[in-house]
Number of protein chains: 2
Amino acid sequence: MSKGLLIVLSGPSGVGKGTVCNALRGKMDNLVYSVSATTRNPRVGEEDGVNYFFKSRDQFTDMIEHDQLLEYAEYVGNYYGTPRDFVEQTLLSGKDIILEIEVQGALKVKEKFPEGIFIFLLPPSLDELEGRIRGRGTESQATIEHRLSVAVDEIGLMEHYDYAVVNDQIDQACKRIESIVIAEHCKVRSSGI
Amino acid sequence: MSKGLLIVLSGPSGVGKGTVCNALRGKMDNLVYSVSATTRNPRVGEEDGVNYFFKSRDQFTDMIEHDQLLEYAEYVGNYYGTPRDFVEQTLLSGKDIILEIEVQGALKVKEKFPEGIFIFLLPPSLDELEGRIRGRGTESQATIEHRLSVAVDEIGLMEHYDYAVVNDQIDQACKRIESIVIAEHCKVRSSGI
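The model shown is predicted, which means the values in this text are computed figures rather than measured ones. (Residues numbered from 1 in each chain as written. Chains lettered and ligands numbered in written order. Predicted model: local features only at pLDDT ≥ 70, side-chain atom pairs only at ≥ 80, totals over all residues. Heavy atoms only, no water.)

Peer 1: I keep staring at the UniProt feature "binding site: ATP" (unreviewed entry) in chain A and nothing clicks. Help me out?
Peer 2: Residues and elements named next belong to chain A. UniProt marks Gly11, Pro12, Ser13, Gly14, Val15, Gly16, Lys17 and Gly18 with the feature "binding site: ATP" (unreviewed entry), using the numbering shown here. Tracing the chain through its elements places Pro12 in the loop between β1 (6-10) and α1 (17-24). Note on Pro12: relative accessible area 0%, which makes it buried. Apart from residues lying up to four places away in sequence, Pro12 is in contact with Lys17, Val103, Phe120, Leu121, Pro123, Ala151, Glu154 and Ile155. Looking at where Val15 falls in the secondary structure, it is placed in the loop between β1 and α1. Val15 gets classed as buried once you look at its relative accessible area, which sits at 0%. (UniProt positions renumbered as here; feature names shortened; annotations may be inferred. Helix = DSSP H or I, 4+ residues; strand = E, 2+ residues; numbered from the N terminus. Buried < 20%, exposed > 50% of the residue type's maximum accessible area, 1.4 Å probe, protein only. Contact = heavy atoms within 4.5 Å.)

Peer 1: Would you mind showing me how to read the packing of helix α1 (residues 17-24) of chain B against helix α7 (residues 170-186) of chain B here?
Peer 2: Two measures define how a pair of helices packs: the angle their axes make with one another and the distance between the axes. All names here are of chain B. Between α1 and α7, whose axes approach to 9 Å, the crossing angle comes to 70 degrees. Accordingly, the angle class assigned to the pair α1 and α7 is roughly perpendicular. Crossing hand, α1 versus α7: right-handed. Of the residues in α7, those touching α1 at Thr19, Val20, Ala23 and Leu24 are Ile170, Ala173, Cys174, Ile177 and Glu178. Tallied by class, residues from the contact of α1 with α7 come to seven nonpolar, one polar and one charged. (Axes fitted to C-alpha atoms, helices over the stretch in contact; angles between N-to-C directions. Parallel < 35°, antiparallel > 145°, perpendicular 65-115°, else oblique. Left-handed = near helix turned anticlockwise from the far one by under 90°. Nonpolar A, V, L, I, M, F, W, Y, C, P; charged D, E, K, R; others polar.)

Peer 1: In this structure, what is going on with the nonpolar core? I would like to understand it.
Peer 2: Proteins that are soluble and globular tend to have nonpolar side chains buried together. Among the nonpolar cores identified, the biggest contains 56 residues, and Ile119(A) and Ile119(B) are the most heavily contacted of them. The residues touching Ile119(A), leaving out its near neighbours within four places in the chain, are Ile7(A), Val8(A), Leu9(A), Ser10(A), Tyr161(A), Tyr163(A), Val165(A), Ile177(A) and Ile180(A). (Core = buried A, V, L, I, M, F, W, Y, C linked by side-chain atoms within 4.5 Å.)

As structure tokens, then:
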């Protein structure tokens with residue numbers, strides 16, 4: 001049995017990573033979704049090991065120190081990260097695993113897993129991205145402008161990725177991502193087939 | 001408008017290149033089929049520029065001398081080759097072009113077009129390939145054994161290709177090839193997107 005593929009789906013905030021990732025669920029038989037570790041408290045209905053691996057702050061910093069996270073970040077006072085073990089066990093079982101993470105986190109994963117497939121999700125245009133960020137209706141003008149300027153910087157990091165997928169329509173974006181995974185499984189690798 | 005992709009579909013004799021190529025027709029909007037040049041006489045119903053570019057022997061050797069063919073071979077006393085012009089014009093028009101050729105010819109194309117996408121079509125097994133060659137019912141035992149031994153040698157050249165697609169079922173093989181083309185269009189290239 002051959003090892004699975006690590007697929008990293010990333011892109012600027014507001015581009016629709018979560019929506020595309022959810023739409024992929026159920027479309028691809030051999031694909032497992034990475035479960036993040038977090039120090040935030042479980043919400044009602046959330047299950048440990050399903051929605052997140054819930055950790056204490058001590059447990060989390062211990063994971064950091066023992067290099068058990070492929071990437072992590074602090075957000076609104078809580079840690080979030082990708083446990084290396086879960087990813088490696090999934091790959092060894094022959095299944096593909098998909099990580100949906102921020103641009104900086106994805107580049108950290110690339111340092112540890114250069115053989116991963118790095119997909120950058122692009123908005124159809126910056127105007128469209130601005131519309132989507134505004135559409136949330138919860139942010140001030142200054143926040144929107146900051147988010148957009150971060151997005152522009154992040155799009156500049158696209159060259160470190162293997163693929164760029166435009167999220168013009170969700171089903172089209174999903175089809176492109178599915179195609180990338182199928183194609184990667186057909187790649188002739190030096191190890192032979 | 002970006003340039004199209006050159007897709008080369010190759011593989012051992014009997015693997016089903018022609019069948020898969022025909023099945024792809026109509027499935028992919030942006031895909032043009034390469035038209036070969038030949039010195040053989042047109043058969044009834046064959047049109048110049050559609051089925052083949054029909055050439056005299058002098059015209060053909062002239063094309064060879066002027067490097068106007070990406071590859072060529074002699075088969076049963078006639079020349080067959082891939083005109084470079086038709087391929088380049090198609091790519092410049094922004095369309096993808098697919099070449100269905102023998103393994104040695106594909107490697108010659110690779111020398112001239114290293115940026116092409118080289119797909120090796122594999123039989124599900126050597127037994128299956130033997131069955132397909134025998135199934136034609138026209139060859140002697142010695143010929144069948146010769147063809148199989150050539151096929152084994154050719155499969156050894158797979159490492160020079162970008163992708164290997166198993167032709168277990170035609171629609172599955174087509175889906176894999178379509179996926180490869182979609183994925184290649186999403187690739188982040190150094191030239192930028």
